[in-house]
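Listed below are the residues making up each chain.
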Amino acid sequence: LTPERYPVQRLPFSTVSEEDLAAFERIVPGRVVTDPEQLEAYNVDWLRSVRGCSKVLLRPQTSEEVSQILRHCYKRNLAVNPQGGNTGLVGGSVPVFDEVILSTALMNQVISFHDVSGILVCQAGCVLEDLNAYVQERDFVMPLDLGAKGSCHIGGNVATNAGGLRFLRYGSLRGTVLGLEVVLADGTILNCLTSLRKDNTGYDLKQLFIGSEGTLGVITAVSILCPPRPKAVNVAFLGCPGFAEVLQTFSTCKGMLGEILSAFEFMDSECMQLVRQHLHLTNPVQESPFYVLVETSGSSAAHDAEKLTSVLEQMLNSGLVSDGTMATDQRKIQTLWALRERITEALSRDGCVFKYDISLPVERLYDLVIDVRARLGPRAKHVVGYGHLGDGNLHLNVTAEAFSQELLGALEPYVYSWTAEQRGSVSAEHGLGFKKKNVLGYSKPPEAMKLMQQLKVLLDPKGILNPYKTLPARA
Ligand code: FAD
Ligand code: MLT
Ligand code: ZN
C-alpha cells in the first residue's frame, strides 16, 4: 500500500545480515522472530492502512536487553521501529520498509505500587487494561482510558501522549507521568524513573519523550500517578436536537455538576447509525441528530445520582435534551460507553476510513463536519463527527467503499487549512506518525519545526529510531 499512497524513499540504512541475527539471538535468546507469517501482524497497522516489510521482530524482556539491541543497531546503522500494542492510528507503529521491529510485548511487569501515594511504576509493555485492573484492586484507577485499552501498552500511550476518555478529569499524561526510563538511540539507558510529585532540578527531560512517537528513544519503564478509584460513577446518555444544544448541555453540566463531571463525549446520528449497523448495538434513547455521554465520578452515590437526575430533568424541561437515560450499575454503564467507544471499530467495518483528529474552539467544532459533508457530497459513504467535546477535540472521519486519490484530494489540504485558520491543531491526540508528518507546519511555526529537527539530530544522530515518522523529511 505504502509506495503509491505515500511516496517515500528508503534511507541508506544497513540491511539485517546473518551476523546481525546471530547477535540478536545472543542478546534475546529464543525471542528473535523471522517467520514471515508471524511477522505479518507486526508489519500492518490496526487500520490496515500502511504496511512495512520488516524481516525481524525482537522481543526483549529487560531495559538492559533493549540497550544492547540499540547499541548493536546504532553501530551497524540499522533502523528500528519501536512497537507497543500496535493500535496507533497514524501509521507510526509499523515499519515503512525493513526496519527492525522492537516489541515491548514481553516487558509487562509491574515494578512497584504505593497504596498511599497511588504511584505505579511498571515496564513499558504492560497492557493498559491489565494495569487498570491491577490498580483497581487496590482502590485506584489509571488516569487514562481509551477504546484500545485491551491491546495498547502504557509505553505506547506515553509515546503517543494519548488523550482518551478520562482526559477531562485527570488531564494529560504530561501531568500524570512522574518519571520515565528511556533507552537512547546509541543504547544509553537514561534513568529518570523518579516517583516525585515535585522535582524542579533542571530541564524536565521526560517531557521530550512523552508524545515523541518512538523517534527520540525507546521508553522502557513508566512511573505514573494513579488517582483514587471514584466510589460512585454515573453515566447519562442523552439525545440533543442540534449542536447548539450540545454546547449548552456542556455549559449546563459544567455549571451544575462542577467537580463531579468526569467525561463529556459527543457523537452525531451517523455514528449511531454505524454502531447499530456494524456492531448491532441498540440506541437507548429517541432518534436524535446528536448524542451526548455525560459521566460523573464522585464519592457519594446517592448525592451524585440525585445531582445528575436533577440536571437531566432541567435539560429535558428546557428542550436542550430531547431524551435521556441514566445508568448507575456497572453493566448498563458499560453498555452506554460502548456506543461511544466502539465508533472506531464500526467505522473500520464500514470501508476505507479517512481519519482526522482535530483540536478546535469548541463553538466551531461541528462546523468542519458540516462543511466537509457538503464538500464531498455523494463521493463519501459517511462523514461523521464524534469526540471528546469537553476537551475541544473533534474526530472527523470519512468512509468510502475504497481508497480514492480523488477523495483524498478533496479532503486534504482542505481539512488542515480549515483547522489552521481557526488556530486549531491538526493532531489533537493521535500524533503524526507516518501519515501526518507532513502536516506539522499547519500547527507549528518554522522556528519550532527547526528546533524539533535539531533535537532529533542531537538525540539520534544517525536517525535510526522510527525513521520517516513525526517530522517532515528534511530538504
Ligand atoms: P503503538 O501503536 O504500538 O505505537 C504508537 C507509537 O508509539 C509508534 O510511533 C511507536 O513507534 C511508538 N511506541 C510504542 N511503544 C513505544 C515505546 N515503548 N517507546 C517509544 N516509542 C514507542 N488515542 C488517543 O489518544 N485517545 C483515544 O481515545 C484513542 N482511542 C483509540 C481507540 C481505538 C479503538 C484504537 C485502535 C486506537 C485509539 N487511540 C486513541 C490511538 C492511540 O494512539 C493508541 O491506541 C495508543 O496510545 C497507542 O499505544 P500502543 O501501545 O498500541 O502503541
Ligand atoms: C476515540 O476517541 O474514539 C479515539 O481517539 C479513536 C478514534 O478517533 O477513532
Ligand atoms: Zn479520541
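Relevant structure appears above.
Residues numbered from 1 in each chain as written. Chains lettered and ligands numbered in written order. Predicted model: local features only at pLDDT ≥ 70, side-chain atom pairs only at ≥ 80, totals over all residues. Heavy atoms only, no water.

(A) The site of ligand 1, seen in detail. What surrounds ligand 1 is a group of 36 residues, the closest being Pro82, Gly84, Gly85, Thr87 and Gly88. Interatomic distance of 2.6 Å between a backbone N/O atom of Pro82 and an oxygen atom of ligand 1. At 3.2 Å from an oxygen atom of ligand 1 is found a main-chain nitrogen or oxygen belonging to Gly92. When isolated, ligand 1 has an accessible area of 970 Å², and the protein chains bury 96% of it. Where the shell around ligand 1 is concerned, the elements lending two or more residues are β3 (80-83), α6 (154-160) and β9 (218-225). Broken down by element, the residue count for the shell around ligand 1 peaks at 5 residues, all from α6. Here the shell around ligand 1 is built from residues that sort into 10 nonpolar, 24 polar and 2 charged. Composition of the shell around ligand 1 by domain shows at least three residues from each of domain 1 (2-105) and domain 2 (110-225). (Near = heavy atom within 4 Å. Polar contact = N/O pair within 3.5 Å; in protein donor to acceptor, adjacent residues only side chain to side chain. Areas by Shrake-Rupley, 256 points an atom, 1.4 Å probe, with all protein chains shown as cover. Helix = DSSP H or I, 4+ residues; strand = E, 2+ residues; numbered from the N terminus. Nonpolar A, V, L, I, M, F, W, Y, C, P; charged D, E, K, R; others polar. Domains from an automatic or database assignment.)

(B) Main features of the packing of helix α2 (residues 18-27) against helix α4 (residues 63-76). Direction vectors running N to C along α2 and α4 enclose 165 degrees, while the axes themselves pass 10 Å from each other. Judged by the angle between their axes, α2 and α4 are roughly antiparallel. When the axes of α2 and α4 are compared, the crossing they make is right-handed. From α2, Asp20, Ala23, Phe24 and Ile27 reach across to α4, where they touch Glu65, Gln68, Ile69, His72, Cys73 and Arg76. Among the residues forming the contact of α2 with α4, the class breakdown is 5 nonpolar, 2 polar and 3 charged. (Axes fitted to C-alpha atoms, helices over the stretch in contact; angles between N-to-C directions. Parallel < 35°, antiparallel > 145°, perpendicular 65-115°, else oblique. Left-handed = near helix turned anticlockwise from the far one by under 90°. Contact = heavy atoms within 4.5 Å.)

So far we have only geometry, and geometry alone does not tell us how the molecule works.
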